[in-house]
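# Fold and geometry: a report
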Amino acid sequence: MSQKNLNDELSRRTFLKAMGLTSAGSALLLTGCGDTDIVNQVDLEVRKELVLPAVDPEDFVRPGREVHYASTCRQCPANCNIHAKTREGRVIKIEGNPASSTNLGKLCAMGQAGLQGHYNPDRINKPMIRKGGKLVEATWAEAETLLKKHLGKKNAKLAWLSGAISGHQAVITKAYMDAAGSKNSFVFDTLPPAVGLAANEKVLGHAMPKYDFDKAKLIVSFGADFLGTWISPVQFGTQYGQFRNAPRGTLVQIESKMTLTGSNADRWIAIKPGTEGHLALALASLIAADSSFKGKTPANLNVDIKEASAITGVSIERMHKLRDMLISQSPSLVLSGNSAEGFVHGTETANAIHLLNMMLGNIGETILPRAKPTFPELQPQLGGWADLKAFIDGLADGSFDTAVVYGSNPLYQAPSFMKAEEAFAKAKMRIAFSTYPDETTMACDLVLPVHSYLEEWNTSMPAYAAEDGHLNIHQPVMNPVFGKGSTYSYGDIMLGLVSELDATFKNWDNYGAYIRDSLATMKPALVNPPKATTAGQTDEEGFQQGILASGFVTIKEAAASPIKAKVPAVRLPKLAEDDGKYAYHLVPSARMGLYDGRHANSPWLQELPDQLTSVMWGSWVEIHPNTAKKLGLITGDKVKVSSAAGSLEVDVVVFPGIQEDSIAIPLGNGHTEYGRYAKGVGVNPFKILTPQFDEETGELATHATKVSITKIANRGEVVTRAHGDLVLASEAMSQKGREIVKSVSAEDFNHNEGEG
Amino acid sequence: MSLSRMLENWSRLNQKDYYKDEPIMWGMSIDLNKCTGCASCVTACNAENNIPAVGKEKCGSGHTMSWMRIERYWDSPEGEPDLAVEESEYPERGAHFAPMMCQQCNHAPCEPVCPVAATYHNPDGLNAQVYNRCIGSRYCGTNCPFKVRYFNFFDYQEDIPHPMEMLLNPDLTVRSKGVMEKCTFCVQRLRNAKGDQADKGIRGHVEDGAVQTACQQSCPTDAIVFGNLKDGESKVSHAWESHGVELNRHEQFNAEGERGYRVFEELNVEPSVMYLDRVRDTNA
Ligand code: SF4
Ligand code: SF4
């Protein structure tokens, strides 16, 4: 089918029709959840080789045999495809789906720890209703009545906050909000780089272009932790593996706190925080002035290199070296990440980095365009702090009277200055769709316990699609942990809600059926939709079973047209002088593990030593050895870190990978709720961030906070591996001459290992 | 196992090249050029092998149980001046990572010291641990040069709060207080693969790639290669061969460009894990 026909046939209108907007039927709120009517056509004997829906686990249980189900990881917005290994009807291991272009059969530590979220002993398994100021357990009937009372009607003052959302969840949430007559939908997720994505959209016309790491001979990353927490770490990790084959690409990482990616760099460059844009412009200017540079130069690049060196703390010699590398190692890829963009001038920094890519001819080489999506409503919405602020402001000024939160924990993540608790308390009704008793959930009036991602039907799109049109299929891999009727899927509840207001949704009595119908209607728009495989199977059955077996489908997309980048104007501010009181920059660092705090309830991830400092459980502050010496601090001392917005008490780890004027406190801990593994462990640096926002996008300038440090206690007299609150897996910094990790030069490597 | 069988086993499998006659010898290769230190492997191992988190306090006493850990250093061994931390305030060449777990030594120092032969060598080259024979003397742990044996000071598995116990892998046991444990190269997966072959009437050969260890399977960068070193066609034996590491030596003579080495090889413990040199672009 030609693209034209396809688009005619599947215009947005017909797509919505596929969602049932024009048909009628009947449905009850909250019934039939998780059940499906797919008939199992597969011989039990061959089942192990097939990947099938867990429609009726009893039917599938064969003692001693493992059964694999294809589904999707939801531990972060990357949404990798998984194979869940089950035994006797329970999931016991999660692996990557080898056929997936997103993660190529691989997973990250957080994906591996998904089991501990799913089986978490602190999961909510009964609805809760606030009575007399306290949340008490209730029946689903009570919860449903209350839910209908507040959400079963039109309400322009309803506000809805979700975490990163895509696929049919996004569609059904939007359908509900439209039906309810509310325009107040917000999406908030902490780590997707909202400033960078907005700059991409403006300069490249694509918020999320494709990156070809492998093709790059040189990657210069300004704080993009693509191996750790940046957008899609497994996808980029697999690309990195290729990138390091001979001929081996070079990685230069420029940031103030060493990330996991930084620790793998061939050259790690410590930069004064907030001056990444200045360095990028200085490099652009040096490149433009170099006689060996053949590319195009945007006018007016006249940076005083000496001044730039003083501002950034990067030597002139180093800048010259970078210039030479960028000119000679082409194509390259210059990235900007959260730590470069988290300032008042974040967008300007991202633009300066775009400028470098444009000059170096990387656009169209390592930065590639995407097709215009056939179904824009399925695309991922990654959200940002501007949405959170709008949500909180609206609650504070009374524009909203009912607040609903799903997949997001704003009361933990919002800095104190936002006064999120106060604003939240003002709503007349607060409703959480939640799996865990997190801070936000526990402040609600009605708590609806929802399925874990391993228990529900769904579709989603990866934050970064390696292949355009990649739509993930989620299916329950086992019966709900707490039994049928204890938790429900978000989709089922939403379907019930939307059909209260919009009769066209009554056509389905459960969300799984809705998704299957919708996918069936999308069939002509899919690349190689599965067909019947066995005799007696209809094509429709074959299709439904086939997509569950593969775990994703690919939507046909028009060919991408080349990127026409617009040269951005870059206006970098003069940086404020130190005011003396708050002499240090605070880096609220995200790490692969606890992420933005959502995985603090996994004991494996709490106990996983931090990749760089080796701290387990708890929080710490990283301080450079020179700074520690100046302040008279050693590892294990307790200090008070104060900003204009608040203070924290935390243990010191003397750490070499941090710029001398900066200190870093990792994100993830300091929960006041969130179950036994998280509550009361460590501190939460989000809380002391100060009110500064990116001027262009209104996103919180997460890295712009300045702090002071005062020592409050010495490390304990007895030196053990646990110093006060600090637990280190190992304090060893040096190999002491032993050959544990040996190194060779890339030159030798390339010479000897040839072309890969 | 009677004492005489035990001694027989010990003397046979500790001969210099006992594996000459065995069809399978499991081995591994870890490429430090690719390993990013992300610890996906560590978590995958925890999930596969029923490894408990012991909590903050016990971590503080050094009681962690993870069979795999990522060693992280900031300097190079002596004699690699180009790649060591330069004269800088910062570690500008990044960190040095090495995933470390039981090296399945073929002259394992942990084996002969066990008073009850709870740790012994199996014909597939694995350093096996028999939990129900272990009396917890911990001699083996003391003797391990890699410090990769972990002792159950408590009954962690009894404290798993419901429903977390449901994630346990039924293919292997949970260990109770008083026994030593360590990486097994996912022996339950190996047994399964061998069993599948035996079902087809094939003994002594497992097709390369038919079985993966949990760490290997999860590793995003494909830094870990695992397989049968006795199978000349396997990826792992190619890796060993092309990187100049041979069994039955306590010193390797890498030809130019061969990056292979075994940690603490000079101790003559004959590890089954080969590492490949970390690489840095010294022109950067
Ligand atoms: S990157 Fe995200 S989606 Fe992928 S395995 Fe890790 S947590 Fe899951
Ligand atoms: S998963 Fe792979 S890259 Fe990550 S630490 Fe383990 S071996 Fe290294």
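The structure displayed is predicted, hence computed values, not measured ones.

What chain B contains, in helices and strands, is seven helices and 11 strands. Relative to the globule expectation of 19 Å for 284 residues, the C-alpha radius of gyration of chain B, 19 Å, shows essentially globular dimensions. Reported as C-alpha extents along the three principal axes, the dimensions of chain B are approximately 60 × 50 × 35 Å. Of all 284 residues assigned to chain B, the portion counted as buried reaches 61%. Counted over contacts in chain B with a minimum sequence separation of 6, partners at least 24 positions apart contribute 67%. When the 29 basic and 41 acidic side-chain charges of chain B are each reduced to a single mean position, those positions are 6 Å apart.

Here we come to the packing of aromatic side chains. Tallied over the entire structure, the rule returns 35 aromatic pairs over all chains. Judged by centre distance (5.7 Å) and plane angle (55°), the rings of Trp385 of chain A and Phe686 of chain A are tilted. Separated by 301 residues along the polypeptide, Trp385 of chain A in helix H15 (residues 385–396) and Phe686 of chain A in the loop between strand E25 (662–666) and strand E26 (706–713) bring together distant segments of the chain. Relative to Tyr514 of chain A, the ring of Phe505 of chain A lies with its centre 5.9 Å away and its plane at 45°, an arrangement referred to as tilted. Per residue, the accessibility class of Phe505 of chain A equals that of Tyr514 of chain A, and both read buried. Among the aromatic residues, those joined into a cluster by ring pairs are Tyr211, Phe213, Phe226, Trp230, Phe236 and Tyr464 of chain A. Against the face of Phe693 of chain A rests Lys389 of chain A, its NZ or CZ located 5.4 Å from the ring centre. Lys742 of chain A extends its terminal NZ or CZ atom over the ring of Tyr261 of chain B, reaching a point 4.9 Å from the ring centre.

Residue and element names in this part refer to chain A. With mixed pairing, the six strands of this closed barrel are ordered in space as E20-E25-E22-E24-E23-E26. For this sheet, the mean angle separating the axes of adjacent strands, direction not counted, is 45°. Where strand E23 (residues 638–643) lies against E26, five bridges are found, and the strand directions are antiparallel. Bridge assignment links Ser642 to a residue of E26, and that residue is Ser708.

The subject of this paragraph is helix H8 (residues 194–204) of chain A. All names here are of chain A. Here H8 lies mainly inside the structure; eight of its 11 residues are buried. Of the positions making up H8, those classed as buried are Ala194, Val195, Gly196, Leu197, Ala199, Asn200, Val203 and Leu204. Where H8 is buried, its residues touch strand E8 (210–211), helix H13 (338–341), helix H14 (346–359) and strand E13 (367–368). Note on H8: the residue one or two positions beyond its end, Gly205, has a positive phi of about 80°.

That bond from Ala246 of chain A to Pro247 of chain A is cis: its omega, -5°, falls within 30 degrees of zero. One can find Pro247 of chain A in the loop between helix H9 (233–243) and strand E10 (250–255). Residue Ser330 of chain A is joined to Pro331 of chain A through a cis peptide bond whose omega torsion reads 0°. The phi dihedral of Asn50 of chain B is positive, around 55°, even though this residue is not glycine. Tracing the chain through its elements places Asn50 of chain B in the loop between helix H2 (40–48) and helix H3 (56–60). Asn50 of chain B gets classed as buried once you look at its relative accessible area, which sits at 3%. For Cys186 of chain B, which is not glycine, the phi torsion reads 55° and is therefore positive.

All names here are of chain A. The three strands are arranged E1-E2-E3 in an open sheet whose pairing can be described as antiparallel. Among the strands making up the open sheet, the edge pair consists of strand E1 (66–72) and strand E3 (90–96). With direction set aside, neighbouring strand axes in the sheet form an average angle of 30°. Of the pairings in the sheet, the one linking strand E2 (residues 81–87) to E3 comprises six bridges and is antiparallel in character. Following the sheet pairing, Thr86 is matched in E3 by Val91.

A few words now on the environment of Ser730 of chain A. The residue Ser730 of chain A is located in the loop between strand E28 (726–728) and strand E29 (743–745) in this model. Note on Ser730 of chain A: relative accessible area 31%, which makes it partly exposed. Along the primary structure Ser730 of chain A and Glu88 of chain A are separated by 642 residues, whereas in three dimensions their C-alpha atoms are 39 Å apart. Residues in contact with Ser730 of chain A, not counting those within four places in the same chain, are Thr613 and Ser614 of chain A together with Arg72 of chain B.

Let us look at the site of ligand 1. Neighbouring ligand 1 are the residues Cys73, Gln75, Cys76, Ala78, Asn79, Cys80, Leu107, Cys108, Met110, Gly111, Pro233 and Val234 of chain A. Grouping the constituent residues of the shell around ligand 1 by class yields nine nonpolar, three polar and no charged.

The next thing to look at is the nonpolar core. Ranked by internal contacts, the top residues of the largest apolar core, which has 190 residues, are Phe226 and Phe391 of chain A together with Tyr275 of chain B. Split by domain, the residues of this core number at least three in each of domain 1 (194–368) and domain 2 (584–724) of chain A. Residues contacting Tyr275 of chain B, with those up to four places away along its chain left out, are Ile30, Leu32, Ala98, Pro99, Met100, Met101, Gln103, Arg259, Gly260, Tyr261 and Val263 of chain B. By size, the runner-up hydrophobic cluster in this structure holds 52 residues, among which are Leu146, Leu147, Trp160 and Tyr488 of chain A.

All names here are of chain A. Domain boundaries assigned for chain A yield domain 1 (194–368) and domain 2 (584–724). Centre-to-centre separation of domain 1 and domain 2, based on C-alpha positions: 27 Å. Contacts between domain 1 and domain 2 engage 28 residues on the former and 28 residues on the latter. Summed over the three residues of domain 1 that lose the most area to domain 2, namely Thr229, Lys257 and Val344, the buried surface amounts to 30% of that side. Viewed at the interface, domain 2 and domain 1 are joined by two salt bridges. As a salt-bridge pair, Lys257 and Glu622 come within 2.8 Å of each other at their nearest N and O atoms. Taken together, the connections running from domain 1 to domain 2 amount to 10 residue pairs in polar contact (both at pLDDT 80 or more).

The rules behind each value
Residues numbered from 1 in each chain as written. Chains lettered and ligands numbered in written order. Predicted model: local features only at pLDDT ≥ 70, side-chain atom pairs only at ≥ 80, totals over all residues. Heavy atoms only, no water. Helix = DSSP H or I, 4+ residues; strand = E, 2+ residues; numbered from the N terminus. Rg over C-alpha atoms; globule rule 2.2 N^0.38 Å. Buried < 20%, exposed > 50% of the residue type's maximum accessible area, 1.4 Å probe, protein only. Contact = heavy atoms within 4.5 Å. Lys, Arg positive; Asp, Glu negative; His and termini not counted. Charge placed at Lys NZ, Arg CZ, Asp CG, Glu CD. Phe/Tyr/Trp six-rings, centres within 6.5 Å; stacked < 30°, edge-to-face > 60°. Lys NZ or Arg CZ within 6 Å of the ring centre and 35° of its normal. Pairing = 2+ DSSP bridges. Axes fitted to C-alpha atoms, helices over the stretch in contact; angles between N-to-C directions. Near = heavy atom within 4 Å. Nonpolar A, V, L, I, M, F, W, Y, C, P; charged D, E, K, R; others polar. Core = buried A, V, L, I, M, F, W, Y, C linked by side-chain atoms within 4.5 Å. Domains from an automatic or database assignment. Buried area = accessible area lost by both parts, 1.4 Å probe. Salt bridge = Lys/Arg side-chain N within 4 Å of Asp/Glu carboxyl O. Polar contact = N/O pair within 3.5 Å; in protein donor to acceptor, adjacent residues only side chain to side chain.

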